[in-house]
Amino acid sequence: MTDRILLTCGEPAGIGPELAPLALESGVDFVWIGDPRHLPEGTAYHEVVAPSDPVPEGRLPVLPHDFAAPATPGRPDPANAPDVIEVIARAVDLIMRGESRAMTTLPISKQALKEGAGFGFPGHTEYLADLAGGVPVAMMLASTTVTPPCRVVPATIHIPLSQVPDALTDRVLEQAIRITHAALIRDFGIAAPRIAVAGLNPHAGEGGTIGHEEIRRFRPLLDRLRAEGMQIAGPLPADTMFHPPARSRYDAAICAYHDQALIPIKTLDFAGGVNVTLGLPFIRTSPDHGTAFDIAGQGRADPASTIAALRMARDMAANRA
Ligand SMILES: NC(=O)c1ccc[n+]([C@@H]2O[C@H](COP(=O)([O-])OP(=O)(O)OC[C@H]3O[C@@H](n4cnc5c(N)ncnc54)[C@H](O)[C@@H]3O)[C@@H](O)[C@H]2O)c1
Ligand SMILES: N[C@H](C(=O)O)[C@H](O)COP(=O)(O)O
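Residues numbered from 1 in each chain as written. Chains lettered and ligands numbered in written order. Predicted model: local features only at pLDDT ≥ 70, side-chain atom pairs only at ≥ 80, totals over all residues. Heavy atoms only, no water.

A. Up close: the site of ligand 1. Close to ligand 1 lie 17 residues, the nearest being Ile108, Gly290, Ala292, Asp294 and Asp302. At a separation of 3.3 Å, a nitrogen atom of ligand 1 approaches a polar side-chain atom of histidine 289. Glycine 290 has a polar backbone atom sitting 2.7 Å from an oxygen atom of ligand 1. Looking at side-chain class alone, the shell around ligand 1 contains seven nonpolar, six polar and four charged residues. (Near = heavy atom within 4 Å. Polar contact = N/O pair within 3.5 Å; in protein donor to acceptor, adjacent residues only side chain to side chain. Nonpolar A, V, L, I, M, F, W, Y, C, P; charged D, E, K, R; others polar.)

Set out below in structure tokens:
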């Protein structure tokens, strides 16, 4: 077992390869799993055989993973898609075999994996849940540089907006709330979590005049959870949940769909935002951004979110240990 965090390489045509050496400034002990050929020219790295092997100071620890092809920044090669997926599975396998406690994933291109390897999952979140045995999970985006903090959990993730009302069942909403509540206690050290739940409709349905989901579905569920003793506010109008005074009244916001959650967090803290998968039997964080193909290979990628993700994984692992 090592405290070293496993950093998966993600899409090699994205900004992942250039973020890896920059992430050394995090001060976190991590090992990058990827093909050294994809690293920026001149990267000082040291190959290891096992995650815990010693590495000379100042060098990027690399657990080599052979990829089918070199990488051209901005242009994902379908031949590399299976290897991108395999690196993620390899990291989980190393953790499940007790060689490490936590992983941080550099961005993948969902489209490239679907087209290149028939990847059957919407993203890391669902794939990691499957690798962990099909456990129920939730995707949290957590700020690290704003006060009060902004932590958001979309109850539905990578589905078309037209499917959200039907997908937002009692079970889905209750699962998101319960997983978040448990994680706030376990991994964020909040003894009595306060949760705010956004309504689906504008003005949270305006008393039923702009939709009925809040009255017919949200309120009975939230009343039941409140009766259990959970501190839950809502369903609330989403547009007044994210200014500072509103954020001071809760520890995490459960939102109805992807952009209702991710627009505020990426607006408030794009550089410091961290994606955390809640509910896994191990720790997984990732930066809050994607592959940034438009700037890949140009030396313009900001490592801040990756650094925040590595530090959060380290701190969560230490907390759990
Ligand atoms: N966790 C993940 O693996 C993850 C997260 C989000 C998106 N994606 C994937 O990434 C691909 C591109 O997605 P997108 O374009 O919607 O989002 P993106 O985050 O890749 O890029 C959005 C904009 O933000 C900029 N940007 C992103 N990260 C940056 C950084 N570190 N420094 C400086 N600028 C940065 C990009 O240049 C671009 O202009 C898609 O295939 C998507 O599925 C993956
Ligand atoms: N929805 C996240 C975002 O926009 O940042 C990201 O795509 C999550 O994807 P993963 O499930 O691959 O972490």
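B. Structural view of helix α2 (residues 81-96). Compared with the 22 Å implied by 1.5 Å per residue over 16 residues, the 23 Å span of α2 between its first and last C-alpha is a close match. Looking at the buried positions of α2, the neighbouring elements they touch are β1 (5-8), β2 (30-34), β4 (60-64), β5 (102-105), α3 (110-117) and α4 (124-131). Looking one or two residues past α2, glycine 98 carries a phi angle of roughly 85 degrees, positive in sign. (Helix = DSSP H or I, 4+ residues; strand = E, 2+ residues; numbered from the N terminus. Expected span 1.5 Å × (residues − 1). Contact = heavy atoms within 4.5 Å.)

C. Representation of the nonpolar core in the model. Counting 80 residues, the largest nonpolar core has Trp32, Met103, Ile177 and Ile254 as the members making the most contacts within it. Element by element, the count of residues in this core is highest for α2, at nine residues. Counting contributing residues, this core receives three or more from each of domain 1 (1-134 + 289-321) and domain 2 (146-268). Filtering out sequence-adjacent residues up to four positions away, methionine 103 remains in contact with Ile5, Leu6, Thr8, Ile88, Ala91, Val92, Ile95, Leu128, Phe282, Ile283, Arg284 and Thr285. Among the nonpolar cores identified, the runner-up in size contains 17 residues, and Leu141, Ala196, Met241 and Phe242 belong to it. (Core = buried A, V, L, I, M, F, W, Y, C linked by side-chain atoms within 4.5 Å. Buried < 20%, exposed > 50% of the residue type's maximum accessible area, 1.4 Å probe, protein only. Domains from an automatic or database assignment.)

D. Structural view of the pairing of strand β8 (residues 194-198). The element β8 is extensively covered by neighbouring structure, given that four of its five residues are classed as buried. In the sheet, β8 pairs with strand β9 (residues 231-236) via four bridges, with the strands oriented parallel. Looking at the pairing, alanine 198 lines up with leucine 236 of β9. Handedness of the crossover is the feature at issue here: the chain leaves β8, passes through helix α7 (residues 213-227), returns alongside β9, and the resulting connection is right-handed. Bridge count for β8 against strand β10 (residues 252-255) is three bridges, and the pairing is parallel. Across the sheet, residue alanine 196 finds its bridge partner in β10, namely alanine 253. (Pairing = 2+ DSSP bridges. Right-handed = clockwise from strand over helix to strand, strands pointing away.)

E. Geometry of the UniProt feature "binding site: a divalent metal cation" (unreviewed entry) in the protein chain. When the UniProt feature table is mapped to this numbering, "binding site: a divalent metal cation" (unreviewed entry) covers His158, His203 and His258. Across 101 residues in sequence, these annotated residues place their C-alpha atoms as far as 23.6 Å from one another, rather than forming a single compact spot. Relative to the helices and strands, histidine 158 resides in the loop between β7 (151-154) and α5 (164-167). Not counting residues up to four positions away in its chain, the partners in contact with histidine 158 are Lys110, Pro122, Glu126 and His258. By secondary structure assignment, the location of histidine 258 is in helix α9 (residues 258-269). What histidine 258 contacts, discounting residues up to four positions off in sequence, is Met139, Pro154, Thr156, Ile157 and His158. (UniProt positions renumbered as here; feature names shortened; annotations may be inferred.)

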